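These are the residues of each chain, in order.
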Amino acid sequence: MTATAEQQAGSAADKAPPSLLYMVKQVELVVRARLDELVRPAGITVTQYTALTVLERHDGLSAAQLARDSFVTAQSVADLVRALEERGLIRRERNPANRRELHILLTDAGRELLARLAEPVRELEELMIADLSTRQVGQLRQALSKAWRALL
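For the structure given in this document, a descriptive report is provided here. Since this is a predicted model, take the numbers as computed values, not measurements. (Residues numbered from 1 in each chain as written. Predicted model: local features only at pLDDT ≥ 70, side-chain atom pairs only at ≥ 80, totals over all residues. Heavy atoms only, no water.)

A look at the overall build of the chain
Rule in force here: Runs of E in the DSSP output that reach at least two residues are strands. Runs of H or I that reach at least four are helices, and both are numbered from the N terminus. Atoms counted for the radius of gyration: C-alpha only. Globule rule: 2.2 Å times the number of residues to the power 0.38. Each residue's exposure class comes from its accessible area (1.4 Å probe, protein chains only) as a fraction of the maximum for that residue type: buried when under 20%, exposed when over 50%, partly exposed otherwise. Computed with the Shrake-Rupley method and a 1.4 Å probe, the accessible areas treat only the protein chains shown as cover for residues. Asp and Glu are treated as the negative residues and Lys and Arg as the positive ones, with His and the ends of the chain left uncounted. Where a charge lies is defined by one atom per residue type: Lys uses NZ, Arg uses CZ, Asp uses CG and Glu uses CD.
In terms of regular secondary structure, the chain is built from seven helices and two strands. Listing each helix as α and each strand as β along the chain from the N terminus yields α-α-α-α-α-β-β-α-α. Computed over the C-alpha atoms, the radius of gyration of the chain is 21 Å, more than 25% above the 15 Å expected from 2.2 N^0.38 for a compact globule of 152 residues. In terms of overall dimensions, the chain has C-alpha extents of about 75 × 30 × 30 Å along its principal axes. Counting the 152 residues in the chain, one finds 26% classified as buried. Carbon and sulfur atoms provide 56% of the accessible area of the chain, an area that totals close to 10900 Å². Placing the 21 positive and 20 negative side-chain charges of the chain at their respective mean positions leaves the two points 6 Å apart.

Side note on the pairing of strand β2 (residues 98-106)
Remember that side chains alternate between the two faces of the sheet whenever the strand is regular. How we decide: For two strands to be treated as a pair, DSSP must find no fewer than two bridges joining them.
With six bridges joining them, strand β1 (residues 90-95) and β2 adopt antiparallel strand pairing. Along β2, the bridge assignment pairs Ile-90 with Leu-106. Hairpin remark: β1 followed by β2, antiparallel, with two residues in the connecting loop.

Shown next, in the form of structure tokens:
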């Protein structure tokens, strides 16, 4: 090995690993791209898919709550809700306790779409964690949850 090759090999070994923030972003970008491949044929975006899954877990949210739980701004949730409502995937109903507030609910068509996407999405998650043991998956869930709470 030449001196230059030795210097390059040594400098590569001396480099610090990428930051955790960078690594989390890498995973997020790959997951988003792969999810986009799965949901695009269904005529929805990843952001719309996320909102539908939030409503699947907590049906009847206000627009503000849906925005927070779907990781979008209050301004962009209006467009998201309008698009999903036009597709017949959600509906809005007045809150009987506060007539000015609308609750957003999944329709049967929204539930059917999520059911059709459930298996491919599960397979994507399985692919992501394929090299992890059950214990490591639990630890990853716990670590990500703690990291998220620490930043709130």
